[in-house]
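Given next are the chains, with one letter for each unit.
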There are 2 protein chains.
Amino acid sequence: MSATQQAVLESFSADWRDFPVLNRPVKSRVHSDSVEVEWDDDRVSEYHFLWLRDNCPCPLCVHPGTREQVFEIIDVPEDLQAEAVELSGDDLHIRWQDGHESVYGAGWLRAHSYDEASRDERLHEQRTVRVWKTDLAIPRFDYQAVMSNEQSLLQWLLAVRDTGLALMTGMPTSEDILEQVAHRISFIRESNFGSLFEVRTKVEAVNSNAYTSLQLPPHTDLPTRELQPGLQFLHCLVNDATGGESTFVDGFAIAQTIREQFPEDFTLLTQVPVSFRNKAPQSDYRSLGPIIGLDARGEISEIRLANWLRAPFDLSSGDMTAFYRAYRRFFALTRDPAFIVSHRLAAGEMWCFDNRRTMHARNAFDQASGMRHLRGCYMDRDELLSRILVLQRSR
Amino acid sequence: MSATQQAVLESFSADWRDFPVLNRPVKSRVHSDSVEVEWDDDRVSEYHFLWLRDNCPCPLCVHPGTREQVFEIIDVPEDLQAEAVELSGDDLHIRWQDGHESVYGAGWLRAHSYDEASRDERLHEQRTVRVWKTDLAIPRFDYQAVMSNEQSLLQWLLAVRDTGLALMTGMPTSEDILEQVAHRISFIRESNFGSLFEVRTKVEAVNSNAYTSLQLPPHTDLPTRELQPGLQFLHCLVNDATGGESTFVDGFAIAQTIREQFPEDFTLLTQVPVSFRNKAPQSDYRSLGPIIGLDARGEISEIRLANWLRAPFDLSSGDMTAFYRAYRRFFALTRDPAFIVSHRLAAGEMWCFDNRRTMHARNAFDQASGMRHLRGCYMDRDELLSRILVLQRSR
């Protein structure tokens, strides 16, 4: 490799993050289709030739401006061979059979190792959910601090990600504030109820029970959509009516209880797809998904449930009784005081919660007793997680 | 039941659709926890008491304004009994042990039967995907017709749903037209690239290869998001540059070929989650999902793939070689001329395609040869399907 080429490589990262060298590679061994690297903490990581070639970070393989790959792995032979493999300083250097050269920094290499120990470590880091019951001390955040300080912003977002519920206090009660706070994270997710929605009684509610003064049982919003909104914001502008307390249950805590105590019900709730429908004069939304969603790793990652939006269950006749048992079990636990957290939102307060986890409910309120006006909007988990990662970069 | 109550029930449907009586119930038999109905075509459908009670359409159980349920199934005993069951005219009448009365119209009841024959029938109706290869005659639709006529609009939307690719012609080339056409369906889905995006070369592309003049291999857009956008619109305002043809492959056709010919690869591509990342100075999006997605029924429902947005594969060491084989197989088929459809978009033409199925690619173009300007936006499948259902209601 020429000195110039070397200099280019060193100045360039295919990522927007740095990968500090936390462990040093001490030895490498070449196998028929992989390199094994031994680290200074005795961990041994195997890297396949195809994987290494695929992840070559050089400016010929990765566009220096966008930092996105331009190389396509199918353009090398399936049995690609390395002609030379060398540990030099903290870098792994490889010259491939076609003459192409790749250099991998030890920090990057270790961070992407796929030996079992490294994979377990990463999985462990990703488990950030903290489930809660009625004794939750609702995380509280001050509007001014969040708006003016990146650390406060990050703490608020981590609470929303990990606890799934946070209260913001000290907010002005003007109508434009909700958008400003949401934009502190990212763009708002529009729905058929608009980009911003107003929760107050409508004279003629034709598209949702939310726009009546009825009690609403614990639910997630828009289960009728393929992807339920990740975050829900509810900013209280006026609350002079009697009643209408907000109550919450942690759907993940309920799901975990069912997983532990009623494993057959858990299996049904994770495997049987339920259809949800929101039908109105101008829309007809339908979704199909299980009430408890699991992610690619088998971890509880989503609750999908609004009792009044379910379509008739469509299961084999032989499964119907068992499924009603499981469904009623879940629903009964949402009424169990052991799970319920309650707070009456005052003007100038705002909820932000994980709509795919934290089920919210509303007690009936007395329309005659006074005004009640909440303004709400949605955002996806993607925006939350992206914002957290960017904020963590600059720490 | 009083005559008044009867009149209320008859005037009221819990749905916004009608359910015409296509078959008549001829006999009912009561079991310990269900009713069996025999139809005039000899079909026999079992309806469990809990299921029937849950779906009572009376105005006490379903809010007459929103047509959403207010009854909660947990408020009746698990072993709920019927005191009286009667077929009367085309309706099934039930008086429950607590005195509540329910009436189910034969049209509704038959449409929601869950005996195996009825379920198979519904499943069959839902299979509307038509896969295609290079000999596809791209469905074409005229802008004026779609904008002025509901039948033309419906035909266009059905083509997008079932073929996953449609060309609109005869469009004005002013900048506001794309939004007008999109709003003919519903609202636009915003992303971190904005609500509308402009595809033309940027001087300094830092967040996507799409904004370079490079060739882009077949891909889906935003695989880095948990839910990839369902529809993509690309409206051509100017195309005076040499090159830059649009090419498409049907990802479902490729997935089906792999399912038939290389079942082991198919299993890996549907089961191994791949991480995609879009990293830029102000965002850091990451997703985790299989390259071929299956729906709750096991049918191919999604392709997730942009080669340049993949994170390094993170699999067990023992699976890496097999997964590269499967990945290369998929990628090789996207280059196979047997699958490729190509067309050079002219000014005044617009693509609308299923971004989670129809992979699109772009040949490199020569920036020096002239201007090229496409304007694009996204929408979710939910909006498409809802619009189709509403249009079909009024037929």
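Quick notes on the rules
- Residues numbered from 1 in each chain as written.
- Chains lettered and ligands numbered in written order.
- Predicted model: local features only at pLDDT ≥ 70, side-chain atom pairs only at ≥ 80, totals over all residues.
- Heavy atoms only, no water.
- Salt bridge = Lys/Arg side-chain N within 4 Å of Asp/Glu carboxyl O.
- Buried < 20%, exposed > 50% of the residue type's maximum accessible area, 1.4 Å probe, protein only.
- Helix = DSSP H or I, 4+ residues; strand = E, 2+ residues; numbered from the N terminus.
- Disulfide = S-S within 2.5 Å.
- Least-squares fit on C-alpha atoms with pLDDT ≥ 70 in both.
- Pairing = 2+ DSSP bridges.
- Axes fitted to C-alpha atoms, helices over the stretch in contact; angles between N-to-C directions.
- Phe/Tyr/Trp six-rings, centres within 6.5 Å; stacked < 30°, edge-to-face > 60°.
- Parallel < 35°, antiparallel > 145°, perpendicular 65-115°, else oblique.
- Left-handed = near helix turned anticlockwise from the far one by under 90°.
- Contact = heavy atoms within 4.5 Å.
- Buried area = accessible area lost by both parts, 1.4 Å probe.
- Polar contact = N/O pair within 3.5 Å; in protein donor to acceptor, adjacent residues only side chain to side chain.
- Nonpolar A, V, L, I, M, F, W, Y, C, P; charged D, E, K, R; others polar.

Draft legend 1. Representation of the pattern of salt bridges. This structure, assessed with the given rule, holds 61 salt bridges over all chains. Two residues, R29 of chain B and E38 of chain B, come together in a salt bridge whose shortest N-O distance is 3.8 Å. Assessed through its relative accessible area of 19%, E38 of chain B is described here as buried. Bridged by salt links that share partners, the residues R189, D380, D382 and E383 of chain A together with R225 of chain B form one connected network.

Draft legend 2. Molecular detail of unusual backbone geometry. At L222 of chain A, a residue that is not glycine, the phi angle is positive and equals roughly 55°. Look at D42 of chain B: it is not a glycine, yet its phi comes out positive at around 75°. Tracing the sequence through the fold places D42 of chain B in the loop between β2 (34-39) and β3 (44-48). For D42 of chain B, a relative accessible area of 63% puts it in the exposed group.

Draft legend 3. View of the state of the cysteines. Taken as a whole and assessed by the stated rule, the structure comprises zero disulfides over all chains. Between C352 of chain A, a free cysteine, and C377 of chain A, which holds the nearest cysteine sulfur, the sulfur-to-sulfur gap is 8.3 Å. Free of any disulfide, C61 of chain B has its nearest neighbouring cysteine sulfur in C56 of chain B, separated by 3.8 Å. Overall, C61 of chain B belongs to the buried group, its relative accessible area being 2%.

Draft legend 4. Broad picture of the relation of the copies chain A and chain B. Relative to chain B, chain A is turned by 180° and slid 0.0 Å along the rotation axis, the superposed coordinates differing by an RMSD of 0.0 Å. On this basis, the relationship between the two copies can be described by a two-fold rotation axis. Measuring from the rotation axis to each C-alpha of chain A, the shortest distance belongs to L227 of chain A, at 3.3 Å.

Draft legend 5. Representation of the sheet that holds strand β7 (residues 140-142) of chain A. Residues and elements named next belong to chain A. Taken in spatial order, the six strands line up as β7-β8-β19-β11-β22-β9 in an open sheet, and their pairing is mixed. Where the open sheet ends on each side, the last strands, each with one partner, are β7 and β9 (197-199). Here the average twist between neighbouring strands, direction ignored, is 25°. Relative to strand β19 (residues 350-354), strand β11 (residues 231-239) runs antiparallel, the two sharing five bridges. Residue Q232 lies in a different strand from β19, and its bridge partner there is F353.

Draft legend 6. Main features of the packing of aromatic side chains. Summed over the entire model, instances satisfying the criterion amount to 26 aromatic pairs over all chains. Between F49 of chain B and W96 of chain B, the ring centres sit 5.9 Å apart and the planes meet at 85°, which makes this aromatic pair edge-to-face. Of the two residues, F49 of chain B is situated in helix α2 (residues 49-54) and W96 of chain B in strand β5 (residues 91-96); the sequence distance between them amounts to 47 residues. The exposure class of F49 of chain B is buried, given its relative accessible area of 2%. Since its relative accessible area comes to 0%, W96 of chain B is described here as buried. Cluster of aromatic residues (ring-pair linked, three or more members): Y47, W51, Y104, W108 and Y114 of chain A.

Draft legend 7. View of the packing of helix α6 (residues 150-162) of chain A against helix α11 (residues 381-393) of chain A. Residues and elements named next belong to chain A. At their nearest, the axes of α6 and α11 sit 10 Å apart, and the two run at 140° to each other. Here α11 runs oblique to α6, going by the angle between their axes. In the packing of α6 onto α11, the handedness of the crossing is left-handed. Contacts from E150, L153, L154, L157, L158, V160 and R161 of α6 reach α11 at L384, L385, R387, I388, L391 and Q392.

Draft legend 8. Inspection of the pairing of strand β3 (residues 44-48) of chain A at higher detail. Residues and elements named next belong to chain A. Strand direction decides the pairing type here: strand β2 (residues 34-39) and β3, joined by five bridges, are antiparallel. Along β3, the bridge assignment pairs E38 with V44. Adjacent in sequence and paired antiparallel, β2 and β3 are bridged by four residues, among which D42 carries a positive phi angle near 75°.

Draft legend 9. Representation of the sheet that holds strand β20 (residues 358-362) of chain B. All names here are of chain B. Pairing within the open sheet is antiparallel, and its four strands lie in the order β10-β20-β13-β18. Edge positions in the open sheet fall to β10 (216-219) and β18 (341-343), since each of these has one partner strand only. The average angle at which neighbouring strand axes cross in this sheet is 20°, direction not considered. Pairing analysis gives two bridges linking β10 to β20, with the strands arranged antiparallel. Each residue of the ladder has a partner; that of H219, found in β20, is H360. Where helix α8 (residues 251-261) meets the sheet, it contacts β13 (246-250) and β20, and its direction lies at approximately 40° from that of β13.

Draft legend 10. Just the interface of chain A and chain B, in detail. Taken residue by residue, the interface counts 91 residues in chain A and 91 residues in chain B. For the pair chain A and chain B, the summed buried surface comes to about 7900 Å²; carbon and sulfur atoms form 47% of the total. Counting every contact that joins chain A to chain B gives 20 salt bridges. Residue R225 of chain A pairs with E383 of chain B through a salt bridge whose shortest N-O separation is 2.6 Å. Across the chain A-chain B interface, the total number found is 56 residue pairs in polar contact (both at pLDDT 80 or more). When residues of the side of chain A that touches chain B are traced back to their parent elements, those giving at least two are β3, α2 (49-54), α4 (116-126), β14 (274-280), β15 (283-289), α10 (320-334) and α11 of chain A. With eight residues, α10 of chain A is the single largest residue contributor to the side of chain A that touches chain B. For the side of chain A that touches chain B, the per-class residue count stands at 37 nonpolar, 23 polar and 31 charged.

Draft legend 11. The arrangement of α8 of chain B in detail. Those residues of α8 of chain B lying buried are G251, F252, A253, I254, A255, T257 and I258 of chain B. Backbone nitrogen of F252 of chain B and a side-chain oxygen of the N-cap are separated by 2.9 Å at the start of α8 of chain B; the cap is D250 of chain B.

Draft legend 12. Layout of the side chain of D115 of chain A. Position of D115 of chain A among the secondary structure elements: in the loop between α3 (106-111) and α4. Aside from chain neighbours lying at most four places away, what touches D115 of chain A is R43, V44 and S45 of chain A.

Draft legend 13. Summary view of the packing of α8 of chain B against helix α10 (residues 320-334) of chain B. Residues and elements named next belong to chain B. The geometry of α8 relative to α10 is characterised by a closest axis approach of 10 Å and an angle of 130° between their N-to-C directions. One way to sum up the angle between α8 and α10 is to call them oblique. With respect to the hand of their crossing, α8 and α10 are arranged in right-handed fashion. Contacts from G251, I254, T257 and I258 of α8 reach α10 at R329, F330, L333 and T334.

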